[in-house]
Amino acid sequence: PRARHAPRATIVRVRAPHDPAWMQRPARRQQKEIVQAAANSTGEYNIWYHKHVGEQQKQVFKVGDERPRCIPERDSGRTRATKDAPLCLHFAGGLCVNGAKCLYKHRIPIAADEQRMAVSHDVFGRERHGANRGDMDGVGSFNSNNKTLYIGNLVPKASAAETEDMIRRHFAPFGEIQYVRVILSKNCAFVRYCFRAAAEFAKVAMDGSYLDNGDEVLVVRWAYEDPNPVAKKFEARQQDLEFIHLMRERLAALPPEQAQQRDAVERLRQINNGVYPNTDAQIVAEARKRKLAAIESGMAAGLAA
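The rules we used
- Residues numbered from 1 in each chain as written.
- Predicted model: local features only at pLDDT ≥ 70, side-chain atom pairs only at ≥ 80, totals over all residues.
- Heavy atoms only, no water.
- Phe/Tyr/Trp six-rings, centres within 6.5 Å; stacked < 30°, edge-to-face > 60°.
- Lys NZ or Arg CZ within 6 Å of the ring centre and 35° of its normal.
- Patch = residues over 30% accessible without salt bridge, like charges linked within 9 Å, V, L, I, M, F, W, Y side chains within 5 Å.
- Areas by Shrake-Rupley, 256 points an atom, 1.4 Å probe, with all protein chains shown as cover.
- Salt bridge = Lys/Arg side-chain N within 4 Å of Asp/Glu carboxyl O.
- Lys, Arg positive; Asp, Glu negative; His and termini not counted.
- Charge placed at Lys NZ, Arg CZ, Asp CG, Glu CD.
- Helix = DSSP H or I, 4+ residues; strand = E, 2+ residues; numbered from the N terminus.
- Buried < 20%, exposed > 50% of the residue type's maximum accessible area, 1.4 Å probe, protein only.
- Pairing = 2+ DSSP bridges.
- Core = buried A, V, L, I, M, F, W, Y, C linked by side-chain atoms within 4.5 Å.
- Contact = heavy atoms within 4.5 Å.
- Polar contact = N/O pair within 3.5 Å; in protein donor to acceptor, adjacent residues only side chain to side chain.
- Axes fitted to C-alpha atoms, helices over the stretch in contact; angles between N-to-C directions.
- Expected span 1.5 Å × (residues − 1).

Visitor: Whenever I open this one, the packing of aromatic side chains confuses me. Can you help?
Guide: Note on aromatic pairs: each is described by the distance of the centres and the angle between the planes. Applying the stated criterion to the full structure yields 4 aromatic pairs. Positioned above the aromatic ring of Y210, the side-chain terminus of R69 is 4.9 Å from the ring centre.

Here's what the structure looks like:
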């Protein structure tokens with residue numbers, strides 16, 4: 001799966017409807033009992049696929065099956081998770097049986113999760129690999145900050161615009177969306193999130209799920225890197241903007257003494273680049289100060305005479 005065209009110039013963002021008040025209530029128990037995908041296997045553990053040899057971790061659904069679904073507005077809540085605990089993988093899939101007793105967080109990702117996450121792990125605490133799997137499933141690669149999902153096996157609406165609106169309604173609850181691209185001829189779409197954490201959550205939540213009519217079984221995978229030069233330039237620009245935004249937030253949080261050092265370093269950097277600070281106001285203030293000192297000195301001399 002590869003997005004072969006650059007995203008549209010106009011990017012419409014849909015904010016996730018996360019309400020902090022949801023975290024004041026106990027988390028809802030999504031399932032009464034553990035849903036077994038297959039019998040446990042005693043074979044060797046495959047670190048690439050995060051399962052034992054011969055073990056089937058995913059449930060295979062077909063059209064008409066009753067499929068679990070995470071609904072953040074209904075299921076989010078307080079758990080026994082510590083401050084640094086990751087999000088619950090089973091919660092994202094609508095399968096957690098522990099509810100408020102769970103040791104992981106039951107909510108959608110927020111900006112703090114993106115800043116907290118290590119490059120080597122995903123938002124659920126699973127280790128990422130050096131390369132993507134051949135089928136682009138799994139946890140992804142720590143060598144790329146992939147935030148784009150491929151949505152396959154799509155049953156589209158009559159037009160691309162209607163299909164895009166449908167996809168936004170179902171994927172926006174898991175995080176802020178940067179853009180959606182629909183390819184009707186191939187019954188697929190690409191959804192790009194603003195944060196990697198949101199893309200990781202949505203991938204788990206929507207893989208094997210459905211949209212409006214329930215007459216599809218979605219295939220959600222990581223999208224390949226777009227070879228289009230315009231898309232690459234767009235991606236590089238987005239990464240630069242994200243880095244600048246992150247640095248501004250961290251600099252704004254500095255204590256006063258460190259902020260003064262930061263300003264001094266910034267002035268030196270500007271001078272080194274041939275950009276000198278505007279000192280007109282400083283020169284005027286110094287001239288005013290000297291004039292006042294001269295007047296006071298003259299008045300003192302007159303009084304002494």
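Visitor: In this structure, what is going on with a positive patch on the surface? I would like to understand it.
Guide: On the surface, R29, K32, R80 and K101 cluster together into a patch of positive charge. Looking at where K101 falls in the secondary structure, it is placed in the loop between α2 (89-92) and α3 (111-116).

Visitor: What am I meant to see in the pattern of salt bridges here?
Guide: Following the criterion strictly, the structure yields 13 salt bridges and no others. Put simply, D75 and R28 hold a salt bridge, and the shortest N to O gap is 2.9 Å. A residue pair is termed long-range when its members are at least 10 positions apart, and D75 in helix α1 (residues 72-75) and R28 in the segment before β1 (45-46) qualify at 47 residues. Given the relative accessible area of 32%, R28 is considered partly exposed. In this structure, the salt-bridge partner of D137 is R221, at a minimum N-O distance of 3.8 Å. Note that D137 is positioned in the loop between α3 and β3 (148-152) and R221 in strand β6 (residues 219-222), a separation of 84 residues in sequence. Residue classification places D137 among the buried residues on the basis of a relative accessible area of 7%. Taking relative accessible area as the criterion, R221 reaches 18% and is therefore assigned buried. The network of salt bridges with shared partners includes D137, K203, D207 and R221.

Visitor: Got a minute to help me understand the pairing of strand β5 (residues 188-193) in this structure?
Guide: Look at any regular strand and the pattern is simple: side chains alternate between the two faces of the sheet. Here β5 lies mainly inside the structure; 6 of its 6 residues are buried. Of the two faces of β5, the one holding C188, F190 and R192 and the one holding A189, V191 and Y193 are both buried throughout. For β3 and β5, the ladder comprises 4 bridges, and the chain directions are antiparallel. When the bridges of β5 are listed, I151 appears paired with A189.

Visitor: Even after reading the chapter, I still don't get the nonpolar core, so can you show me in this structure?
Guide: By size, the foremost hydrophobic cluster in this structure holds 37 residues, and its most contacted members are I151, I167, F171, Y193 and F201. In this view, F171 contacts I151, I177, Y193, A202, M206, L211 and L218; residues no more than four positions away in its chain are not counted.

Visitor: Just to check I follow, could you spell out the side chain of E200 for this structure?
Guide: Summarising the element assignment, E200 is placed in helix α5 (residues 196-206). Separated by 2.8 Å, the side chain of E200 and the backbone nitrogen of V123 make a polar contact. Not counting chain neighbours up to four residues away, the residues in contact with E200 comprise M117, D122, V123, F124, R128 and W222.

Visitor: Help me understand a nonpolar patch on the surface, please; the structure alone is not making it clear to me.
Guide: Together, L292, I295 and M299 make up a nonpolar patch on the protein surface, roughly 310 Å² of accessible area in all. Mapped onto the elements, I295 comes out in helix α8 (residues 280-304). Accessibility expressed as a relative area gives 44% for I295, which makes it partly exposed.

Visitor: Would you mind going over the sheet that holds β5 with me for this structure?
Guide: In sheet architecture, strand pairing relies on hydrogen bonds along the backbone and comes in two forms, parallel and antiparallel. Taken in spatial order, the 4 strands make up an open sheet running β4-β5-β3-β6, and their pairing is antiparallel. Two strands in the sheet have a free side with no partner beyond their single neighbour: β4 (177-183) and β6. The average undirected angle you get between the axes of adjacent strands in this sheet is 20°. Most of the contacts of helix α4 (residues 160-171) go to β4, to which it runs at about 140°, and overall it touches β3, β4 and β5. The strands that α5 touches are β3, β5 and β6; relative to β6, the one it contacts most, it runs at about 150°.

Visitor: Looking at this structure, I do not really get α4. What am I missing?
Guide: Since one α-helical turn is 3.6 residues long, residues separated by three or four positions face the same way. In this model α4 runs 16 Å from its N-terminal to its C-terminal C-alpha over 12 residues, within 8% of the 16 Å that 1.5 Å per residue would give. Taken together, the buried positions of α4 are occupied by T163, E164, M166, I167, R168, H170 and F171. Of the surrounding elements, those touching the buried residues of α4 are β3, β4, β5 and α5.

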